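Chain residues, written in single-letter form:
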Amino acid sequence: MKKTFIFVFFTIIVIWLIHGSLLIRISKLEQSITKDKKELENVEKELNKKIIEYDTKIDLDKIGKEMRIKKNMEISNKINFFQIDSQKNK
């Protein structure tokens, strides 16, 4: 009877320790999944911003091309709208 009690006691202790370690692993994995989901959302937001910028640029290129072809206009890259102070002093 005593041997059976000791065996059951140690078995319960071992199962309890294994259960605790598995719970710790699972919680760490869940935390990393949550972190990865947040990072994925941020990357998707950046991607959407870049897609919008790209689409806008394509639209501007299309408008510029149309103006050059249909209305014989040219786009100048030599116009300076502003200068930085450090460049003025040089």
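It should be emphasised that the depicted structure is a prediction, and the values quoted were computed from it without experimental measurement.

1. Observations regarding the overall build of the protein
From N to C terminus, the protein includes 2 helices and 0 strands. A buried classification covers 1% of the 90 residues belonging to the protein. Roughly 9,700 Å² of accessible area belongs to the protein as shown, and the carbon and sulfur atoms make up 63% of that amount.

2. Quick notes on the packing of aromatic side chains
Following the criterion strictly, the structure yields 2 aromatic pairs and no others. When the centroid spacing of 6.4 Å and the interplanar angle of 20 degrees are considered together, the rings of Phe5 and Phe9 count as stacked. Here Phe5 pairs with Phe9, and both are found in helix α1 (residues 2-71), just 4 residues apart, close to one helical turn. Centroid distance Phe9 to Phe10: 5.9 Å. Interplanar angle 65 degrees. Geometry classified as edge-to-face. You can call Phe9 partly exposed: its relative accessible area is 42%. A network of ring pairs unites the aromatic residues Phe5, Phe9 and Phe10 as a single cluster.

3. A few points about a nonpolar patch on the surface
A cluster of nonpolar side chains, contributed by Phe5, Ile6, Phe9, Phe10, Ile13, Trp16 and Leu17, occupies part of the molecular surface with about 780 Å² of accessible area. Note on placement: Ile13 falls in helix α1.

4. With respect to the environment of Ser32
Within the element layout of this structure, Ser32 appears in helix α1. With relative accessibility at 30%, the residue Ser32 sits in the partly exposed group. Reaching out from Ser32, the side chain makes a polar contact with the backbone oxygen of Leu29 at a distance of 2.8 Å.

Criteria and cut-off values
Residues numbered from 1 in each chain as written. Predicted model: local features only at pLDDT ≥ 70, side-chain atom pairs only at ≥ 80, totals over all residues. Heavy atoms only, no water. Helix = DSSP H or I, 4+ residues; strand = E, 2+ residues; numbered from the N terminus. Buried < 20%, exposed > 50% of the residue type's maximum accessible area, 1.4 Å probe, protein only. Areas by Shrake-Rupley, 256 points an atom, 1.4 Å probe, with all protein chains shown as cover. Phe/Tyr/Trp six-rings, centres within 6.5 Å; stacked < 30°, edge-to-face > 60°. Patch = residues over 30% accessible without salt bridge, like charges linked within 9 Å, V, L, I, M, F, W, Y side chains within 5 Å. Salt bridge = Lys/Arg side-chain N within 4 Å of Asp/Glu carboxyl O. Polar contact = N/O pair within 3.5 Å; in protein donor to acceptor, adjacent residues only side chain to side chain.

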